[in-house]
Amino acid sequence: MTTPTIAGTRLAQNYSPLPVTLVSGEGSWVTDDEGRRYLDLLAGYSALNFGHRHPALVAAAHAQLDRLTLTSRAFDHALLEPFARALAGLVGPLLVGDPLVLPMNTGAEAVETAIKAARKWGYEKRGVPADRATIVVAHGNFHGRTTTIVSFSDDPDARDGFGPFTPGFRAVPFGDAAALRAAIDETAVAVLLEPIQGEHGVVVPPDDYLPAVRAACDEAGVLLVADEIQSGLGRTGHTLACEAWGVRPDLVTLGKALGGGILPVSAVVGRSDVLGVLTPGTHGSTFGGNPLACAVALAVIDLLTPGDLQAAARVRGEQLGAGLAGLVENGVLSGVRRAGLWAGLDVRHGSGRAACEALLAHGVLAKDTHGRTLRLAPPLTITSDELAEALARTTAALTRV
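In this report, we go over the structure that sits alongside the text. Only a predicted model underlies this, so the values are computations on that prediction, with no experimental measurement involved.

## A short note on the pairing of strand β15 (residues 373-376)
- With burial as the criterion, each face of β15 is covered, one bearing T373 and R375 and the other bearing L374 and L376.
- Two strands pair when backbone bridges link them, and strand β12 (residues 343-347) and β15 are joined in this way by four bridges, in the antiparallel orientation. Along β15, the bridge assignment pairs G344 with R375.
- Bridge analysis of strand β14 (residues 367-369) against β15 gives three bridges, and the strand direction is antiparallel. What sits directly across from D368, in β15, is L374.

## Side note on the sheet that holds strand β9 (residues 251-254)
- Read from one edge of the open sheet, seven strands run β4-β10-β9-β8-β7-β5-β6, paired in mixed fashion. In this open sheet, the two edge strands, each paired with only one partner strand, are β4 (99-104) and β6 (169-172). Neighbour-to-neighbour, the strand axes of this sheet turn through a mean angle of 20°, independent of strand direction.
- The sheet strands contacting helix α2 (residues 80-91) are β4, β9 and β10 (266-271), and the helix crosses β4 at an angle near 120°.

## Describing the nonpolar core
- Ranked by size, the top nonpolar core spans 69 residues in total, and within it F83, L87, L254, L258, V269 and L398 carry the most contacts.
- A per-element tally of this core places helix α9 (residues 291-304) first, with 11 residues.
- Each of domain 1 (22-53 + 308-399) and domain 2 (57-305) contributes no fewer than three residues to this core.
- Each residue touching L258, except ones within four places of it in the same chain, is listed here: F83, L87, L233, V265, S266, A267, A297 and V300.
- Membership of the second largest hydrophobic core comes to 29 residues, among which are A117, A118, I149 and L275.

## What about the environment of L94?
- Within the fold, L94 resides in the loop between α2 and β4.
- For L94, a relative accessible area of 17% gives the class buried.
- Put simply, L94 and E243 are 149 residues apart on the chain and 7.3 Å apart in space, counted from C-alpha to C-alpha.
- Excluding anything up to four places from it in sequence, L94 contacts T239, L240, E243, V247, R248 and P249.

## Some remarks on the pattern of salt bridges
- This model, assessed by the stated rule, comprises 14 salt bridges.
- The shortest N-O distance in the salt bridge between E199 and R375 comes to 2.7 Å. On the criterion of sequence distance, the pair formed by E199 in the loop between β7 (188-193) and α7 (209-220) and R375 in strand β15 is long-range, its members being 176 residues apart. You'll find E199 and R375 in the same group, each marked buried.
- Between R393 and E389 there is a salt bridge, with its nearest N and O atoms 2.8 Å apart. Of this pair, R393 and E389 are both found in helix α12 (residues 384-398), four residues apart, which corresponds to roughly one turn of the helix.
- For E389, a relative accessible area of 35% corresponds to the partly exposed category.

So, how was this worked out
- Residues numbered from 1 in each chain as written.
- Predicted model: local features only at pLDDT ≥ 70, side-chain atom pairs only at ≥ 80, totals over all residues.
- Heavy atoms only, no water.
- Buried < 20%, exposed > 50% of the residue type's maximum accessible area, 1.4 Å probe, protein only.
- Helix = DSSP H or I, 4+ residues; strand = E, 2+ residues; numbered from the N terminus.
- Pairing = 2+ DSSP bridges.
- Axes fitted to C-alpha atoms, helices over the stretch in contact; angles between N-to-C directions.
- Contact = heavy atoms within 4.5 Å.
- Core = buried A, V, L, I, M, F, W, Y, C linked by side-chain atoms within 4.5 Å.
- Domains from an automatic or database assignment.
- Salt bridge = Lys/Arg side-chain N within 4 Å of Asp/Glu carboxyl O.

This is the structure:
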């Protein structure tokens, strides 16, 4: 059956956006083409952790635009090493070993990079027979939409129609450490997990899960790769979500917020003996680590280094949780899962899409996922008053769905 298209459009229809056209934004607010203002509670799936057009990030971008925007990695530039040192300084103490930084552009590219590094490390350092490496992943995962990544997705929208699929992945239930441990065999090179599954509805694992995963990886001598593209850089009230459980990954993938909502910036950060297997010619990116990206990312790191935004996410997260608890108590929501300033809401009646449309009518932007679930990820810079207003509007909208 042919998918219907919107009359007059030249866009491929791989998205079904809410009926609003945004033209400007500042902080927690955006304005549409009719002059109506909305509180943005999606924040670009955490890409806008610092709100729209944060002055420090905009200033960094403007300044670099007047100097140099791209060299390709055929040449060095003055910001590449400072960026690597700053990012290693921010997240390196939260990881195992002495860190290196490999810059890329999108989150999916960072995950692909981590997969390649883990496999090559497994062959060269762990002694896995050629072309037999396996990576253990979790059901319900979302690591991107490239061909390799959808090969181990169990989301039919992301997967169906895109085979044949890339082998080498073994999926087990998220939160089941015993199943994960049993899946690690002599061909395993890594475990790849989101500490909290964002796309699946902000699914938070049991408290003993990640420590048990870390222990299983240590016992087997395989890598723990944490995908913190959505959960990292302050979203959960920590620089990395893994901190909440005292777990140090071997590699971490970062993206979204690393570009400050201005341009795509991603990176893999982790053990030098692992990323060190990628030598000239084995991996690369024309735009990865470009001067403009580094300038913005350095400003992002400056914002996160004091820890004030992580603390704000914890405080505002408690406020968000208290407001949403009332919607569970009155039966509007059947459940809420929250980590810092990040929440998954299960609506009791109607669809998640209908709930988002109701929120839109009340001047709030959110996104549905998996039927009856909504995701809320306000900017970390949202004020108490703005969040109170957002909760009031959310309550008004959802009680009418």
